Amino acid sequence: MEKRFKKEALIIVNRALAFQNLEKEKRATALIMANNELAFQNLEKEKRAAELIIANKELKFQNQEKEKRAAELIIANKELAFQNQEKEKRAAELIIANKELLFQNKEKENRAAELIIANEELVFQNQEKENRAAELIIANEELAFQNQEKENRAAELIAANLELKKAEEYQIEYIKGLEEMMFMTSHKVRQPIANILGLSYLLHHQSVNSPDDLKESLDFIKQSALSLDTFTKELTQFIFNLGEKGKLCLNKTASDITI
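Model, not experiment: these values are computed from the prediction.

Rules of the game
- Residues numbered from 1 in each chain as written.
- Predicted model: local features only at pLDDT ≥ 70, side-chain atom pairs only at ≥ 80, totals over all residues.
- Heavy atoms only, no water.
- Helix = DSSP H or I, 4+ residues; strand = E, 2+ residues; numbered from the N terminus.
- Rg over C-alpha atoms; globule rule 2.2 N^0.38 Å.
- Buried < 20%, exposed > 50% of the residue type's maximum accessible area, 1.4 Å probe, protein only.
- Contact = heavy atoms within 4.5 Å.
- Areas by Shrake-Rupley, 256 points an atom, 1.4 Å probe, with all protein chains shown as cover.
- Lys, Arg positive; Asp, Glu negative; His and termini not counted.
- Charge placed at Lys NZ, Arg CZ, Asp CG, Glu CD.
- Salt bridge = Lys/Arg side-chain N within 4 Å of Asp/Glu carboxyl O.
- Core = buried A, V, L, I, M, F, W, Y, C linked by side-chain atoms within 4.5 Å.

## Focus on the overall build of the protein chain
Part 1 of the reasoning: A tally of helices and strands in the protein chain yields four helices and zero strands.
Part 2 of the reasoning: Going from N to C terminus, the protein chain has its helices and strands arranged as α-α-α-α.
Part 3 of the reasoning: Taking 2.2 N^0.38 as the reference for a compact globule, 259 residues should give roughly 18 Å; the C-alpha atoms of the protein chain span a radius of gyration of 45 Å, well beyond that estimate.
Part 4 of the reasoning: With the principal axes as the frame, the protein chain shows a C-alpha extent of 155 × 30 × 15 Å.
Part 5 of the reasoning: The burial tally for the protein chain puts 15% of its 259 residues in the buried class.
Part 6 of the reasoning: Taking all contacts inside the protein chain whose residues are at least 6 apart in sequence as the whole, residues at least 24 apart take part in 88%.
Part 7 of the reasoning: Within the structure as shown, the protein chain displays about 19300 Å² of accessible surface, and the carbon and sulfur contribution to it stands at 59%.
Part 8 of the reasoning: For the protein chain, the centre of its 39 positive side-chain charges and the centre of its 44 negative side-chain charges are spaced 6 Å apart.

In structure tokens:
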């Protein structure tokens with residue numbers, strides 16, 4: 001009879017142990033899913049960094065184009081100054097020709113025609129100068145827009161990195177909490193349940209010799225139930241505290257991003 005009782009008690013304990021192993025596998029699956037999500041967030045972070053590198057290259061290209069336009073404008077200004085000097089020289093030559101050679105009206109007309117051509121070329125040069133200036137203004141506006149876009153991308157990347165860092169911290173805390181909860185469940189639940197099951201089996205399958213034996217068995221069951229109830233309250237408080245830590249971490253992340 002004693003051998004049979006031990007065999008059945010061993011079966012009950014093995015079933016409880018199998019249930020604990022199943023719970024452990026479920027928690028391990030949840031941990032794998034959390035790691036996959038963290039890997040996805042790291043990939044998004046790398047994409048944002050690649051976008052920032054592309055934006056920096058584009059900004060560098062815009063700066064080079066601006067320098068080229070500025071160099072072209074300097075050359076145009078030098079050419080315009082040269083044209084103004086040539087105009088002044090031609091005018092001086094025309095005055096001298098009018099004073100010294102009245103009979104050379106034909107030459108005067110030719111010089112006047114050259115002066116008209118020079119003036120037309122000067123007007124063209126001025127128009128080109130205005131066009132270059134307008135292009136330079138557009139280039140500056142586009143460069144300012146690129147700088148603003150770069151700042152926006154940088155701010156987005158900083159916010160994403162901060163959010164990812166806080167999520168990683170919360171995930172680490174959560175995983176530690178799950179591991180601690182699994183340890184607590186494995187060590188504090190198993191013994192009271194085994195005691196209750198064993199005493200219940202004895203009361204159900206064996207005759208009680210005296211009221212004192214019955215009372216003693218009931219006291220053991222009550223003590224085990226109280227231990228199990230105490231652990232249930234501790235576990236409930238632990239789960240609540242773990243949730244509060246998660247909320248605090250997320251709120252801190254939101255406030256850091258707002259700042």
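Moving on from the model shown.
## Some details on the pattern of salt bridges
Part 1 of the reasoning: In total, this model carries eight salt bridges according to the counting rule given.
Part 2 of the reasoning: For glutamate 65, the salt bridge is made with lysine 68, and the minimal N-O distance between the two is 3.9 Å. With glutamate 65 and lysine 68 both in helix H1 (residues 2–100), this residue pair falls three residues apart, about one helical turn.
Part 3 of the reasoning: Glutamate 72 serves as the salt-bridge partner of arginine 132, at 3.7 Å between the closest nitrogen and oxygen. Taken as a pair, arginine 132 in helix H2 (residues 105–188) and glutamate 72 in helix H1 lie far apart in primary sequence, 60 residues in all.
Part 4 of the reasoning: Owing to a relative accessible area of 27%, arginine 132 belongs among the partly exposed residues under this scheme.
Part 5 of the reasoning: Using a relative accessible area of 35% as the deciding quantity, one classes glutamate 72 as partly exposed.

## Structural notes on the nonpolar core
Part 1 of the reasoning: Formed by Leu178, Met181, Met184, Val189, Phe231, Leu235 and Phe238, the largest nonpolar core amounts to seven residues.
Part 2 of the reasoning: Those elements that provide at least two residues to this core are H2 and helix H4 (211–258).
Part 3 of the reasoning: Beyond its immediate stretch of four places on either side in the chain, methionine 184 contacts Val189, Phe231 and Phe238.

## Looking at the side chain of serine 224
Part 1 of the reasoning: Structurally, serine 224 is set in helix H4.
Part 2 of the reasoning: Since its relative accessible area comes to 6%, serine 224 is described here as buried.
Part 3 of the reasoning: Dropping the residues within four chain positions of it, serine 224 is found in contact with Pro192, Asn195 and Ile196.

## Some remarks on the environment of arginine 48
Part 1 of the reasoning: In this structure, arginine 48 sits in helix H1.
Part 2 of the reasoning: Separated by 60 residues in the primary sequence, arginine 48 and lysine 108 place their C-alpha atoms 71 Å from one another.
Part 3 of the reasoning: Sequence-distant contacts of arginine 48, defined by excluding residues within four places in its chain, comprise Glu156, Leu157 and Ala160.

## Focus on the environment of alanine 49
Part 1 of the reasoning: Here alanine 49 lies in helix H1.
Part 2 of the reasoning: Sequence separation of alanine 49 and glutamate 234 is 185 residues, and the distance between their C-alpha atoms is 45 Å.

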